[in-house]
Amino acid sequence: MAELCRKNARLPVGCVIMASGLARRFGSNKLLADFGGRPLLCRALEVTATPALAARVVVTRSAEVKALCDAQAVPCLLHSLPGRNDTVQLGLEALLEQCPNLAGCIFLPGDQPLLQRETLEALIAAFAQTQKETERAIFRLGARAAHGPDTVVGSPVLFGCGYFPTLRTLPEGKGGSVVLKAHPEQVQIVYAQRREELLDADTPEALEELSAIAAQWYFPDRRGKGTSWLPCQVSCH
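Residues numbered from 1 in each chain as written. Predicted model: local features only at pLDDT ≥ 70, side-chain atom pairs only at ≥ 80, totals over all residues. Heavy atoms only, no water.

(A) Spotlight on the packing of aromatic side chains. Per the counting criterion, the structure on display carries three aromatic pairs. On the basis of an interplanar angle of 65 degrees and a centroid distance of 6.0 Å, the ring pair of Phe107 and Phe159 is categorised as edge-to-face. Taken together, the residues Phe107 in strand 6 (residues 104-109) and Phe159 in strand 8 (residues 151-160) connect sequence positions 52 residues apart. Here the aromatic rings of Phe127 and Phe139 are separated by 6.4 Å at their centres, their planes lie at 85 degrees, and the arrangement is edge-to-face. On the criterion of sequence distance, the pair formed by Phe127 in helix 4 (residues 117-128) and Phe139 in strand 7 (residues 138-144) is long-range, its members being twelve residues apart. Under the relative-accessibility criterion, Phe127 is labelled buried at 0%. Through successive ring pairs, a cluster of aromatic residues spans Phe107, Phe159 and Tyr163. Directly above the aromatic system of Tyr191 lies the positively charged group of Arg144, at a separation of 3.9 Å from the ring centroid. Between the NZ or CZ atom of Arg194 and the centre of the ring of Trp217, over which it lies, the distance is 4.2 Å. (Phe/Tyr/Trp six-rings, centres within 6.5 Å; stacked < 30°, edge-to-face > 60°. Helix = DSSP H or I, 4+ residues; strand = E, 2+ residues; numbered from the N terminus. Buried < 20%, exposed > 50% of the residue type's maximum accessible area, 1.4 Å probe, protein only. Lys NZ or Arg CZ within 6 Å of the ring centre and 35° of its normal.)

(B) Quick look at the pattern of salt bridges. Inspection of every chain in the model, using the stated rule, returns six salt bridges. The partner of Lys30 in a salt bridge is Asp111, with the nearest N and O atoms 2.6 Å apart. A residue pair is termed long-range when its members are at least 10 positions apart, and Lys30 in the loop between strand 1 (13-19) and strand 2 (34-35) and Asp111 in the loop between strand 6 and helix 4 qualify at 81 residues. Asp111 shares its class with Lys30; the two are buried. The salt bridge partner of Lys66 is Asp70, with a shortest N-O separation of 2.9 Å. In this pair, Lys66 and Asp70 are both assigned in helix 2 (residues 63-71), four residues apart and thus about one turn of the helix distant. Given a relative accessible area of 44%, Asp70 falls into the partly exposed group. Through salt bridges with shared partners, one network takes in Lys30, Asp111 and Asp202. (Salt bridge = Lys/Arg side-chain N within 4 Å of Asp/Glu carboxyl O.)

(C) View of the side chain of Gln112. Take Gln112: it is sitting in the loop between strand 6 and helix 4. Of the residues examined, Gln112 reaches a relative accessible area of 8% and is grouped as buried. At 3.1 Å, the side chain of Gln112 forms a polar contact with the backbone oxygen of Ser155. Excluding its chain neighbours within four sequence positions, the residues that come into contact with Gln112 are Ser155, Pro156, Glu197, Leu198, Leu199 and Asp200. (Polar contact = N/O pair within 3.5 Å; in protein donor to acceptor, adjacent residues only side chain to side chain. Contact = heavy atoms within 4.5 Å.)

(D) Main features of the sheet that holds strand 4 (residues 55-60). With mixed pairing, seven strands are arranged side by side in an open sheet as 5-4-1-6-8-7-9. The open sheet has two edge strands, strand 5 (76-78) and strand 9 (187-191), and neither has a second partner. Here the average twist between neighbouring strands, direction ignored, is 30 degrees. Inspection of the sheet shows strand 7 paired to strand 8 by six bridges, in the antiparallel sense. In the strand pairing of strand 8, Arg140 is matched with Val157. (Pairing = 2+ DSSP bridges. Axes fitted to C-alpha atoms, helices over the stretch in contact; angles between N-to-C directions.)

(E) The arrangement of unusual backbone geometry in detail. Cis rather than trans, the peptide bond between Ser155 and Pro156 has omega equal to 5 degrees. Considering the arrangement of structural elements, one finds Pro156 in strand 8. The residue Ala73 is not glycine, and still its phi comes out positive at about 60 degrees. With respect to the helices and strands, Ala73 occurs in the loop between helix 2 and strand 5. Looking at Ala73, the relative accessible area reads 41%, which means it is partly exposed.

(F) A look at the nonpolar core. Grouped together as the largest cluster of nonpolar side chains are 45 residues, with contacts concentrated most on Leu41, Val58, Ile106, Phe127 and Phe139. In this structure Phe139 touches Leu123, Ala126, Phe127, Thr130, Pro156, Val157, Leu158, Gln188 and Val190, once residues within four positions along its chain are discounted. Leu95, Leu96, Cys105 and Phe164 belong to the second-largest nonpolar core, a separate cluster that totals 24 residues. (Core = buried A, V, L, I, M, F, W, Y, C linked by side-chain atoms within 4.5 Å.)

(G) Examining the environment of Val187 more closely. Structurally, Val187 is set in strand 9. Residue Val187 is classed as partly exposed on the basis of its relative accessible area, which comes to 23%. Put simply, Val187 and Phe159 are 28 residues apart on the chain and 9.2 Å apart in space, counted from C-alpha to C-alpha. Excluding residues within four positions of it along the chain, Val187 makes contact with Ile138, Arg140 and Leu180.

Written out as structure tokens, the structure is:
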């Protein structure tokens, strides 16, 4: 892999960027669809370009996605296996090969373009502040509902290393939700600043709505000139 495991963290955390979906509802490879003039997947690459992560890997069945990641020197695993469990297993094992001492692993969908890097770092910081039984900790992203006191939960999710054996042997077609359902008492919520960060681009219409929201978050830079709506650390042209 082009990126080396960062070993300076007390509790090193890796990230699997999930990019193996078939996008049946979207009608084409949504991760390559235009979002702000770049492929949608670029947002996930930008968000995960943080020293808070010890390592990251994109797991995909798309040669085009693999080429995009290679061009950006982002580790990417190309495979042809059918199940969500395969993506989880392959990604986790790839990270453990680079960082055998991983204390936790985040699973992040590649189609949540409004997710902020600061939010991801807050998830990692919450895990790092766990006082005991870190290996059994689970943190997932949540947000306050638009109306009422309820909490909306979603992705990404961070699993402590105690769940790695289960994540490597999930039932066919299943993902991390198996662990979440089996251990609800261990799940802690980290709240996003904006609930829109949890939204994904399942359809072209949803992507249009997310693009409109992104346009509303546009802000000028300190020189008074226009800049992108979010800080960009990875060029994905």
